[in-house]
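Read off the chains here:
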Amino acid sequence: MQGFDRRKFLKTVGISAVTAGLATIVGSLKSVSADEVDWFQNVNRVKDPLNKTPKEKGHAPVVQWPINIKNGEPFNLDIQIGESLHPMTSNHYIQWIEAYLGTDLVSRIEFSPLCPQAKVTIPVAVKESATLRILTRCNLHGIWETVKTVSV
Ligand SMILES: [Fe+2]
């Protein structure tokens, strides 16, 4: 009969404890962040404009510009996040807004939770009709995009 190997026993118990600890940590991370992982896996968009979900209503950028835009003349692009403004609290807020004409970045605005409103006005000029892309990021609900065509 072999004697008790104290060193081997402690090594086995230690590895088991570490493994169990990691499994617990990984398990808790999965359960805590399961919702967030879904939001952060893709760029989110309104799927059905006539039947928006509450998350879509609260996060999709809403953009407005003047009716008459002249070739090459600056105009104001008004952007707000959500149909009813997205909250700006220390736990849940809009981190940034980006505006693109086609693939060209026009402007990027960073926000902290101290900014009271998730809205901004950006001067823009276009020389021909262009695809306007507005991207924004909520710290809890990921990146959201709205795409519109600006006609001159
Ligand atoms: Fe959000």
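Look up a bit, the structure's there.
Residues numbered from 1 in each chain as written. Predicted model: local features only at pLDDT ≥ 70, side-chain atom pairs only at ≥ 80, totals over all residues.

**Remarks on the nonpolar core**
Our working rule: Nonpolar cores are identified as sets of buried Ala, Val, Leu, Ile, Met, Phe, Trp, Tyr and Cys residues joined via C-beta atoms within 7 Å. Whether a residue is buried, exposed or partly exposed follows from its count of other C-beta atoms within 10 Å of its own C-beta, namely 20 or more, 12 or fewer, or something in between, respectively; the C-beta atoms are built from the backbone. The helix and strand labels rest on DSSP assignments: H or I over at least four residues marks a helix, E over at least two residues marks a strand, and numbering proceeds from the N terminus. Each residue gets a C-beta atom placed from its backbone, and two residues are in contact if those atoms lie within 7 Å.
Core analysis: the biggest nonpolar cluster contains 13 residues, and Ile79, Ile94, Ile97, Ala99 and Ile134 have the highest contact counts within it. Of all the secondary-structure elements, those providing two or more residues to this core are strand E2 (75-81), strand E3 (94-101) and strand E6 (130-138). The residues touching Ile97, leaving out its near neighbours within four places in the chain, are Pro61, Ile79, Ile81, Ile109, Val120, Ile134 and Thr136.

**Brief notes about the sheet that holds E2**
Picture the strands of a sheet paired through backbone hydrogen bonds; they go either parallel or antiparallel. Rule in force here: A pair of strands is labelled paired if DSSP reports no fewer than 2 bridges between them. Here an angle of 0 to 180 degrees is reported between the N-to-C directions of two axes, which are lines fitted to C-alpha atoms, with helices fitted over the stretch in contact.
Overall, antiparallel pairing links the 3 strands, which are arranged E1-E2-E5 in an open sheet. At either margin of the open sheet sits one strand with a lone partner, and together these are strand E1 (61-64) and strand E5 (119-124). With strand direction ignored, the average angle separating the axes of adjacent strands in the sheet is 25°. Where E2 lies against E5, 6 bridges are found, and the strand directions are antiparallel. Each bridged residue has a counterpart across the sheet, and for Leu77 the counterpart in E5 is Ile122.

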